[in-house]
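Single-letter residue listing:
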Amino acid sequence: AGTTIPLIRAAMQAAAKQGRRLQLLASPWSPPAWMKTNGRMDNSDRPCLKAEARDAWAGYFLKWIDAYAKQGVPIWAITVQNEP
């Protein structure tokens, strides 16, 4: 994340100079292994988020989106995950 936010800010500024607005669509890679029924970060062959982890996973999302917003990088939209 050390270079990600400055890079996004630079892209936002470049878009603004052209009278445009950069809108970010974000997608998490995977919930932490402890939140998943298969206990792994990869090779999910089906949705495997534990029911009891749903609130915690939503909290991760919210904290991440809020942290970017506080850095001046608003997230326009999200996907649930980048893999099934």
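Residues numbered from 1 in each chain as written. Predicted model: local features only at pLDDT ≥ 70, side-chain atom pairs only at ≥ 80, totals over all residues. Heavy atoms only, no water.

Student: Looking at this model, I keep getting lost on the packing of aromatic side chains. Mind explaining?
Tutor: Aromatic ring pairs: the centre-centre distance and the angle between the two ring planes describe each pair. In the structure shown here, the tally under the stated rule is 3 aromatic pairs. An angle of 40 degrees between the planes, with centres 6.0 Å apart, marks the rings of W57 and Y60 as tilted. Linking W57 with Y60, this pair stays in helix 2 (residues 54-70), spanning 3 residues, or about one helical turn. Ring plane angle 45 degrees and centroid distance 4.8 Å describe the contact between W64 and Y68, whose orientation is recorded as tilted. Taken together, the residues W64 and Y68, both in helix 2 and 4 residues apart, mark about one turn of the helix. For W64, a relative accessible area of 35% gives the class partly exposed. A relative accessible area of 11% means that Y68 is categorised as buried. Three or more aromatic residues joined by ring pairs make a cluster, and in this case those are W57, Y60 and F61. (Phe/Tyr/Trp six-rings, centres within 6.5 Å; stacked < 30°, edge-to-face > 60°. Helix = DSSP H or I, 4+ residues; strand = E, 2+ residues; numbered from the N terminus. Buried < 20%, exposed > 50% of the residue type's maximum accessible area, 1.4 Å probe, protein only.)

Student: I keep staring at helix 1 (residues 4-17) and nothing clicks. Help me out?
Tutor: Turn by turn, an α-helix covers 3.6 residues, leaving residues three or four places apart pointing in a common direction. The first and last C-alpha atoms of helix 1 sit 20 Å apart over 14 residues, in line with the 20 Å expected at 1.5 Å per residue. Taken as a whole, helix 1 has its buried residues at I5, I8 and A15. Looking straight down helix 1, one finds its buried side chains confined to an arc of 85 degrees; they lie on one side. More than 90 degrees from the buried face of helix 1, the exposed residues found are L7, Q13 and K17. Buried residues along helix 1 sit against strand 1 (24-26) and helix 2. G19, located one to two residues past helix 1, shows a positive phi value of around 75 degrees. (Expected span 1.5 Å × (residues − 1). Arc of directions from axis to C-beta. Contact = heavy atoms within 4.5 Å.)

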